[in-house]
Amino acid sequence: MDLSTTLELSARGMSAQTTRLRVIAENIANSATTGSSPGSNPYRRKTVVFSNTLDESLGATTVGVRQIAPDMSAFPQRYDPGSPAADANGYVKTPNVDSFVEVADMKEAERSYSANMSVMETTRGLLSRTIDLLK
Amino acid sequence: MNSIAPDVFSVAEKRLDWIGQRQSVLAQNIANANTPGYAARDIKPFGDFLADQATQETDNSFVDTSAGSTAPQDRASTEITLNGNTVELDEQLEKVAATDTAHQLATDLYKKYVGMFRTVIGKN
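Reading the values: the criteria
Residues numbered from 1 in each chain as written. Chains lettered and ligands numbered in written order. Predicted model: local features only at pLDDT ≥ 70, side-chain atom pairs only at ≥ 80, totals over all residues. Helix = DSSP H or I, 4+ residues; strand = E, 2+ residues; numbered from the N terminus. Rg over C-alpha atoms; globule rule 2.2 N^0.38 Å. Buried ≥ 20, exposed ≤ 12 C-beta atoms within 10 Å, placed from the backbone. Contact = placed C-beta atoms within 7 Å. Core = buried A, V, L, I, M, F, W, Y, C linked by C-beta atoms within 7 Å. Nonpolar A, V, L, I, M, F, W, Y, C, P; charged D, E, K, R; others polar. Axes fitted to C-alpha atoms, helices over the stretch in contact; angles between N-to-C directions. Parallel < 35°, antiparallel > 145°, perpendicular 65-115°, else oblique. Left-handed = near helix turned anticlockwise from the far one by under 90°. Pairing = 2+ DSSP bridges. pLDDT = per-residue confidence, 0-100. Expected span 1.5 Å × (residues − 1).

Caption draft 1: Here's a closer look at the overall build of chain A. Scanning chain A from N- to C-terminus turns up 2 helices and 4 strands. N-terminal to C-terminal, the α/β element order of chain A is α-β-β-β-β-α. For chain A, the C-alpha radius of gyration of 22 Å lies well beyond 14 Å, the compact-globule estimate for 135 residues. Projected onto its principal axes, the C-alpha positions of chain A cover 80 × 25 × 15 Å.

Caption draft 2: Local environment of the overall build of chain B. Across its full length, chain B holds 4 helices and 0 strands. Of the regular secondary structure in chain B, the N- to C-terminal order runs α-α-α-α. Taken over 124 residues, chain B has a buried fraction of 31%. Contacts spanning at least 24 positions in sequence make up 76% of the contacts within chain B whose residues lie at least 6 apart.

Caption draft 3: Spatial organisation of the environment of B:Glu91. With respect to the secondary-structure elements, B:Glu91 resides in helix H4 (residues 89-121). Along the backbone, B:Glu91 and B:Ile30 are 61 residues apart, and their C-alpha atoms lie at a distance of 10 Å.

Caption draft 4: How the structure looks around the nonpolar core. If you look at the biggest cluster of nonpolar residues, it comprises 23 residues, and the most contacted ones within it are A:Val119, B:Leu26, B:Ala27, B:Ile30 and B:Ala31. Element by element, the count of residues in this core is highest for helix H1 (residues 5-31) of chain B, at 5 residues. Core analysis: the second largest hydrophobic core is formed by 5 residues, B:Leu16, B:Trp18, B:Ala106 and B:Tyr110 among them.

Caption draft 5: Spatial organisation of the interface of chain B and chain A. In this complex, chain B contributes 30 residues to the contact, which on the side of chain A involves 32 residues. Sorting the residues of the side of chain B that touches chain A by element identifies H1, helix H3 (67-70) and H4 of chain B as the ones contributing at least two each. Top contributing element to the side of chain B that touches chain A by residue count: H1(B), with 10 residues. Within the side of chain B that touches chain A, the residues separate by chemical class into 13 nonpolar, 15 polar and 2 charged.

Caption draft 6: The packing of helix H1 (residues 3-29) of chain A against helix H2 (residues 99-132) of chain A, seen in detail. Residues and elements named next belong to chain A. In the contact formed by H1 and H2, the axes pass within 9 Å of each other and the chain directions differ by 165°. Relative to H2, the element H1 lies roughly antiparallel. Crossing handedness for the pair H1 and H2: left-handed. The residue makeup of the contact of H1 with H2, split by class, is 14 nonpolar, 9 polar and 3 charged.

Caption draft 7: Representation of the pairing of strand E2 (residues 60-70) of chain A within the structure. Residue and element names in this part refer to chain A. As paired strands, strand E1 (residues 46-55) and E2 are joined by 10 bridges and run antiparallel to one another. What sits directly across from Phe50, in E2, is Val65. Between E1 and E2, which pair antiparallel one after the other, the connecting turn spans 4 residues, and Gly59 there sits at a positive phi close to 70°.

Caption draft 8: The packing of H2(A) against H4(B), seen in detail. Remark: H2(A) packs on H4(B), axes separated minimally by 10 Å, with the N-to-C direction vectors making an angle of 10°. Classified by the interaxial angle, the pair formed by H2(A) and H4(B) is roughly parallel. From H2(A), A:Arg111, A:Ala115, A:Ser118, A:Val119, A:Thr122, A:Gly125, A:Leu126, A:Arg129 and A:Thr130 reach across to H4(B), where they touch B:Leu89, B:Leu93, B:Val96, B:Asp100, B:His103, B:Gln104 and B:Thr107. The residue makeup of the contact of H2(A) with H4(B), split by class, is 6 nonpolar, 7 polar and 3 charged.

Caption draft 9: Inspection of the confidence of the model for chain B at higher detail. Residue and element names in this part refer to chain B. Per-residue confidence for chain B averages 80 on the pLDDT scale, and 77% of its residues sit at or above 70. When mean pLDDT is taken per element in chain B, H4 scores highest with 92 and H3 scores lowest with 48. Two numbers describe this predicted complex: its pTM, 0.82, and its ipTM, 0.83.

Caption draft 10: Structural context of H2(A). Between its terminal C-alpha atoms H2(A) stretches 49 Å, which fits the 50 Å expected from 34 residues at 1.5 Å a residue. Burial in H2(A) covers these residues: A:Asp105, A:Ala109, A:Ser112, A:Ala115, A:Asn116, A:Val119, A:Met120, A:Thr122, A:Thr123 and A:Leu126.

Caption draft 11: Fine view of the environment of B:Val114. Residue and element names in this part refer to chain B. Residue placement: Val114 occurs in helix H4. According to the C-beta neighbour criterion, Val114 is partly exposed, with 16 such atoms within 10 Å. The spatial distance from the C-alpha of Val114 to the C-alpha of Phe9 is 9.3 Å, given a sequence separation of 105 residues.

Here's what the structure looks like:
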C-alpha cells in the first residue's frame, strides 16, 4: 500500500459523504411533499447505509454506500381538510422528515468530509516531500 | 550491516515505509468515520515493525505488504457510538499530524545524510 492508494481511500470517503449530503438535500427539499390522492402516502425519508468493503484492486478496505434505505417510521398527520391528500376525516399524512435531524446529519457529513480532505492534504504533503528527496 | 553507511538509508527507508502504511490505515479510519460497526485500527509501533522486518529478512516472500487490511484494532479507542463505530475524528487527525511530523523528520534526516555524501565527494 502506497501513498497514492491512501489518496484514493480518502477520495472514496469523500464520495461516500457526498452521496450522504445528496440524500439529505433530497429529504430537506421534500420535507413538505404530501401525496396527491385522498389517504395516499407522502414522501418517505431516505437514509444512507455505509459499509466497509475490501477493494481487491487497491488491496485495502474502502468505504462505500451499501444502500439508500427508506426510513420506515410512521408518518405524522396534520388536519387539513382542504388538501387533495386529506382522508375521510380531513387528516393529511406528512413526510417523516425532521429538519433538525437532517441539519445535524448534514453537519456530521460536512465534518467527516473535511476530515477526509485534511488527510488528503497531509498525504499530498508526504508525497511531495518524498519526491523532494530526489533533488 | 557491517558498516554504518547502508544502515542509515535502510532505516530511513523502513521508517518512510512504516509512515506510509500508518497514513493508509488512518485514512481508512477517517473514511469509515460513519460506517456502522467499524472499529478503528492502527499499526504496530515502529520498534515492533523493525523487529518484525529483522526476523522476516531471511525470507521476503512472507512479508505482508497489505498492512491496512490486516492492521489490528486500536484498543486505545474507547468512544463507541450507537452504531458500534469506534473512530474518533479528533484522535485520528492528531495521529495524522504526528505522522506528518515524523515524515518531515525522516526526510530531513535523509537529506542531511545525502548532503554529507555530497560534501565528501565535492559536488556543490
